[in-house]
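Now for the letters of each chain:
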Amino acid sequence: MKAYVFPGQGAQFVGMGKDLYETSPLAKELFEKANDILGFQITDLMFEGTAEDLKQTKVTQPAVFLHSVISALVMGDECKPDMVAGHSLGEFSALVVAKAITFEDGLRLVSARAQAMQKACEMHPSTMAAVLGLPDEKVEEICAGIDGVVVPANYNCPGQLVISGSVEAVDAACEKLKAAGAKRALKLPVGGAFHSPLMEPARVELEAAIKATTYCKPVCPVYQNVDAKPHTDPEEIKANSIAQLTGAVRWTQSVKNMIADGADYFKELGPGTVLQGLIKKIDASVTAE
């Protein structure tokens with residue numbers, strides 16, 4: 001069975017999507033529609049901008065979404081996944097490709113999400129850190145024992161977990177994690193504490209936008225970040241989309257569940273190859289490309 005997966009923030013690169021724009025009339029039409037919806041020329045920033053331009057959350061998230069979704073849509077009838085999942089932001093790409101939401105609504109939600117997250121980041125100095133070489137349970141235990149806000153945010157693959165929270169609490173957790181034998185506990189160059197309780201203001205803002213959006217029954221199950229389970233009920237999908245901003249990205253668990261449900265071929269659509277690498281670390285027996 002075929003699983004299509006979609007990357008999140010961090011996969012962007014200068015020039016992304018230019019080949020699609022230049023070779024596919026459908027891609028060109030969708031990119032131009034995106035410029036109109038967003039109210040600025042995101043294509044200029046994606047194709048000719050600087051790495052700094054692309055790093056702005058309000059640009060990064062729509063850019064990664066557009067590259068991912070348009071890569072899938074230009075496949076036409078060949079785009080037939082048996083199941084889909086996306087990493088963080090990538091979940092919205094997955095929802096569009098599974099036809100749970102329209103391209104236009106997906107882009108509007110991603111843009112609203114990016115702006116809400118940017119505002120939440122500016123309210124609280126906060127950060128994230130990558131932790132390598134410890135079991136998930138040990139990381140959970142150490143985070144739970146720290147004063148202040150610090151939580152496991154991204155379960156990327158066995159032995160690789162990202163924690164998220166206030167600067168002081170993440171610093172304190174990193175010291176304890178290193179003492180407990182982590183190979184690395186390294187702060188990431190991100191704007192804030194994504195997938196933590198500090199994103200609550202963004203969650204509230206995005207909730208209003210998601211509730212106002214029509215969600216349909218998807219053409220295949222969507223394995224969502226918050227519980228790693230397959231969903232086809234529009235109301236459940238909507239509730240999980242709202243919970244995602246403050247909940248953890250359970251990528252390891254999602255991939256394991258997809259494999260248990262029959263996935264033996266994973267196709268990553270969008271910029272970069274990060275998810276392929278994670279999937280191979282989760283289960284080397286499946287094909288990921």
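Fair warning: this is a prediction, and the values are worked out from it, not measured in the lab. (Residues numbered from 1 in each chain as written. Predicted model: local features only at pLDDT ≥ 70, side-chain atom pairs only at ≥ 80, totals over all residues. Heavy atoms only, no water.)

Further remarks concern the pattern of salt bridges. Evaluation of the coordinates by the stated rule reveals ten salt bridges. Between K33 and E104 there is a salt bridge, and its shortest N-O distance comes to 2.8 Å. Of the two residues, K33 is situated in helix α2 (residues 25-38) and E104 in helix α7 (residues 103-123); the sequence distance between them amounts to 71 residues. For K33, a relative accessible area of 31% translates into the label partly exposed. Members of the salt-bridge network, linked through shared partners, are E200, R203, E207 and K211. (Salt bridge = Lys/Arg side-chain N within 4 Å of Asp/Glu carboxyl O. Helix = DSSP H or I, 4+ residues; strand = E, 2+ residues; numbered from the N terminus. Buried < 20%, exposed > 50% of the residue type's maximum accessible area, 1.4 Å probe, protein only.)

This part is about the UniProt feature "active site" (unreviewed entry) in the protein. When the UniProt feature table is mapped onto this chain, "active site" (unreviewed entry) is found at S88 and H195. Across 108 residues, the annotated set stays spatially compact, with a maximum C-alpha separation of 8.5 Å. Among the structural elements, S88 can be located in the loop between β2 (83-86) and α6 (90-97). Apart from residues no more than four positions distant in its own chain, S88 is found in contact with R113, H195, N225, Q244 and V249. Side-chain polar atoms of S88 contact the side chain of H195, separated by 2.6 Å. (UniProt positions renumbered as here; feature names shortened; annotations may be inferred. Contact = heavy atoms within 4.5 Å. Polar contact = N/O pair within 3.5 Å; in protein donor to acceptor, adjacent residues only side chain to side chain.)

Taken from the UniProt record, the annotation "domain: Malonyl-CoA:ACP transacylase (MAT)" (unreviewed entry) applies to residues 5-289. Between the end C-alpha atoms of residues 5-289 the distance is 10 Å, and the span holds 49% helix and 15% strand.

On the secondary structure map, M1 appears in the segment before β1 (2-6). Its relative accessible area of 43% is what places M1 among the partly exposed residues. Residues M1 and F266 lie 265 residues apart in sequence; the distance between their C-alpha atoms is 8.7 Å.

Membership of the largest hydrophobic core comes to 56 residues, with the highest contact counts inside it found for F31, M46, F65, L66 and F92. Not counting residues up to four positions away in its chain, the partners in contact with L66 are F31, A34, I42, M46, S71, F103 and L107. (Core = buried A, V, L, I, M, F, W, Y, C linked by side-chain atoms within 4.5 Å.)

The next subject is helix α5 (residues 57-73). With 17 residues, α5 should reach 24 Å at 1.5 Å per residue; the first-to-last C-alpha distance of 24 Å fits that figure. Most of α5 is tucked away: 15 of the 17 residues are buried. (Expected span 1.5 Å × (residues − 1).)

Put plainly, two cysteines are in a disulfide when a covalent bond ties their sulfur atoms together. All told, the structure shown has zero disulfides when counted by the stated rule. Free of any disulfide, C174 has its nearest neighbouring cysteine sulfur in C143, separated by 8.8 Å. The closest cysteine sulfur to the non-disulfide-bonded C220 is located on C79, 8.7 Å from its own sulfur. (Disulfide = S-S within 2.5 Å.)

Attention shifts here to the sheet that holds strand β8 (residues 230-231). Strand order in the open sheet formed by six strands is β8-β7-β2-β1-β9-β10, and the pairing between neighbours is mixed. Taken across any chain shown, the strands that pair with only one partner, and hence form the sheet edges, are β8 and β10 (287-288). Relative to strand β7 (residues 222-223), β2 runs parallel, the two being bridged by two bridges. The residue bridging V84 from the neighbouring strand is V222, located in β7. (Pairing = 2+ DSSP bridges.)

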